Amino acid sequence: MDPERRRFLRLSGIAAIGGIAGCSTETATDTPARGDDEGGDESTAAPTATPTAAPMSGSGGAEFDFGGWLSDTSNYDGTTADMRGNGSVTIEVGAEANGGGFGFAPPAVWVDPGTEVTWEWTGNGGSHNVVAQSGADFRSGDPTNEAGTTFPQTFESAGTVTYYCNPHRRMGMKGAVVVGEPEGTATATDSGQEYGFQAASFDAYWYSLYNMSTNIAMSGNGVPFPLNEQMEQLQAQRMPAMLEHADVDRPPITDPNLSLASFTEGDPHFTQQPVMEDDTGRPDASTLAWDKSESSLVVSPSSVAWTHLKGVTWAKNFQNHFDLLPGEIAPKFRAQLLSTLAQVGVNAAILAGGSRGNGALTHGDSFEFLSEYHPSEGRIVDETRRPHHHSAMLWFLSDLTSLARNGWFGYVNPRPLIPKEAGADAVFDPPVGIQEITDGVAQATMDLFDASEVASAESTRSVGEMLGAVGYYGPQAGNDELRSSAADYANALADVVDDNLAGNGRVEGGAENQAATQGIVAQGLLWASQLDGVDRSDTASEVVGYMTDELWDADAGTFMSGTDDSTYAITARDAGDITGGLNAADAVLGRSGVRETFATFFNQTFNRGRLQRAERPPSRSENAEHPLPLPPEAGGEFGQAAVYNAEVEYDAGTDEWSVTDPRFRTAEALYLANQDIWVGNWGGDFYQGRGVPGRSDTPE
């Protein structure tokens, strides 16, 4: 695989193509690469570093072969600064390189054994650190942007040491120290690597971001914000305050198509020539809109919940890394805006947005959800109560509750719209706050759907999703009694799984795609097992074991939809279920081989199989094994947005993939986007928790 595919492009060379949660300058810096010591699995045989016989005449440098380690480092010209004869050497951290203050200077030095090398921070380019990649074992600590910070290391033994800045490694912020006359090896190179977990988790990160930013800020595939005069007044008051709190002058996108409630589906073709970078250097969302006549114009609890859960997750990510992210991407503004849209969405869907004087998606004054509502006509399309809509809302509201309860920046600034609890300060003044809404939805869900009836109402797949939602709710429950009720309900749901288990771990009564059923049930069991009084890890291990042992098609590099199937239909939701199961198996069970399986599954199903229909420059290379087109070239007259197709199919007989449903189905796509971000490269150290309940809902 071409090493360029996984590289963060330099800031100077990227068009501004992101939305509310992603733009060029942001995406080049907001995700640190994971080094081998942090869980990467893509190291290769180390090439030899060979010095020339003498320094190059007149250059003060020598030539070494670092095996491509510095090939993407813009201030490395192929020579290594000869600094032998000096007892101490200083290297700048945050030197001008790679499109900003993202370099080490000099990037490569040649020193005598016993030389003390000191890295000194300039204070430019955001927060940096120094981490050994090969030839030594050191780390300066957490990234910092404090000018004058120093980190000394004395190199006694001959050899070659390579290192990098963790947040900006993929931008090319790397360096090398050659000590004496090295005879050993240099480093694992970025070239010639096979597609492994690190590459797949980076792609999961990008594709998740593309789907969320497109849906919430650019497509117009939803109820617009502002919708009416009251919302226009709210926006006029709130927008300047958000910009002031964020220390920026303008939003990071021109004319955004902000959505407070996403429609259930749409056609992701552009209706005019897209402008990815206007004369202000920002994407122009007015040119990125979809044809609304091709949208459903209908909202559902799932389309609203999975979209805003993704937004809340990103709001948390921005806050956790304000110190790492450059100010020009306006991370504080983004955190506030995503939280604002989530709260407006809750108000409209649950409290006061319906034509009947209640929430658009609620039945009367209850916290029971109808299935579909047509906002512009004020018409209920489907009033049926369904388990998967309730579980989606419970999952989202639980995360929003943690945003409120823990005082996250995006929620409290400039001022909450919905109070965290009844009577607390907020712009809106409902009789309940986020805490009471979440508790109310949880209680209504447990009362409405007897655990023994969830599977018969839908399928055992819905049992797995409900288990995950209840597990997510547990840490956010308003009192011990509700936590206990959640644990009891989770155990009752898990008993349903037991009743539907075949002897080999196969879950009966699930979705058409058996691997999807196995994945979400395994994740649900493990998420619910985080609650006190619930432990179904052994069952989860059996369930995920059937998926990986019996349904994995190694030749195809994907999962069979059934053991007797010759074609495998995989929807976005199926892929989300499978991803969730693999993530849980790795993050909770530590199951061997899961990362390798996920990498292959992702590369074949998302890239080769075109479950993701396009990608943007930060993650794209023409020389990738399975390159995806850029949005303007992704099909149709003007191209297509970088979002998930609804369904792809693999023919085992011909070894061919085809897109069988090119629509954008919001709930399924954004559900997958959440699962992808939890398994993504930032799901561990960069954003704590991997989506595991109780690990990823407080700002640690």
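Look up: the structure comes first, before these words.
All values derive from a computational prediction rather than experimental measurement.

Asks: What exactly am I supposed to notice about the sheet that holds strand E5 (residues 108-111) here?
Replies: Note: strands within a sheet are paired through backbone hydrogen bonds, in either parallel or antiparallel orientation. In spatial order, the strands read E1-E2-E5-E10-E9-E7; together these 6 strands make up an open sheet with mixed pairing. The open sheet has two free edges, formed respectively by strand E1 (61-62) and strand E7 (131-134), since each of these has just one partner strand. Relative to strand E10 (residues 174-179), E5 is paired through 4 bridges, and the arrangement is parallel. Along E10, the bridge assignment pairs Trp110 with Val178.

Asks: What exactly am I supposed to notice about the nonpolar core here?
Replies: For soluble globular proteins, the rule of thumb is that nonpolar side chains tend to be buried together. Ranked by internal contacts, the top residues of the largest apolar core, which has 166 residues, are Ile350 and Phe396. Sorting elements by how many residues they give to this core places helix H2 (residues 197-218) first, with 14 residues. The residues touching Ile350, leaving out its near neighbours within four places in the chain, are Gly359, Thr362, Phe367, Phe369, Met393, Leu397 and Ile437. Trp119, Phe138, Val161 and Cys165 belong to the second largest nonpolar core, which has 22 residues in total.

Asks: In this structure, what is going on with the side chain of Glu465? I would like to understand it.
Replies: As for its position among the elements, Glu465 is in helix H10 (residues 460-473). By relative accessible area, Glu465 is classed as buried at 3%. When near neighbours in sequence (up to four residues on either side) are disregarded, Glu465 contacts Trp306, His388, Ser391, Ala392, Trp395, Ile520 and Arg573.

Asks: What should I look at first to understand the pairing of strand E20 (residues 656-661) in this one?
Replies: Sheet faces and side chains relate simply in a regular strand, where the side chains alternate between the two faces. Pairing analysis gives 5 bridges linking strand E19 (residues 647-651) to E20, with the strands arranged antiparallel. Bridge pairing in E20 links Val648 to Val659. The hairpin turn running from E19 into E20, its antiparallel successor, is 4 residues long, and Asp655 in that turn takes a positive phi close to 55°.

Asks: In this structure, what is going on with the sheet that holds E20? I would like to understand it.
Replies: Spatial strand order, E18-E19-E20: 3 strands in an open sheet with antiparallel pairing. The open sheet has two edge strands with one neighbour each: strand E18 (567-571) and E20. Averaged over all pairs of adjacent strands, the angle between their axes in this sheet comes to 25°, without regard to strand direction.

Asks: Looking at this structure, how should I read the environment of Pro631?
Replies: Mapped onto the secondary structure, Pro631 falls in the loop between helix H15 (594-608) and E19. Overall, the relative accessible area of 4% leaves Pro631 in the buried class. Distance from Pro631 to Phe270, taken between C-alpha atoms, is 8.9 Å for residues 361 residues apart in sequence. Once residues lying within four places of it in the same chain are set aside, the contact partners of Pro631 are Phe270, Met276, Ala614, Glu615, Arg616, Phe638, Gly639, Gln640 and Ala642.

How each quantity is defined
Residues numbered from 1 in each chain as written. Predicted model: local features only at pLDDT ≥ 70, side-chain atom pairs only at ≥ 80, totals over all residues. Heavy atoms only, no water. Pairing = 2+ DSSP bridges. Helix = DSSP H or I, 4+ residues; strand = E, 2+ residues; numbered from the N terminus. Core = buried A, V, L, I, M, F, W, Y, C linked by side-chain atoms within 4.5 Å. Buried < 20%, exposed > 50% of the residue type's maximum accessible area, 1.4 Å probe, protein only. Contact = heavy atoms within 4.5 Å. Axes fitted to C-alpha atoms, helices over the stretch in contact; angles between N-to-C directions.

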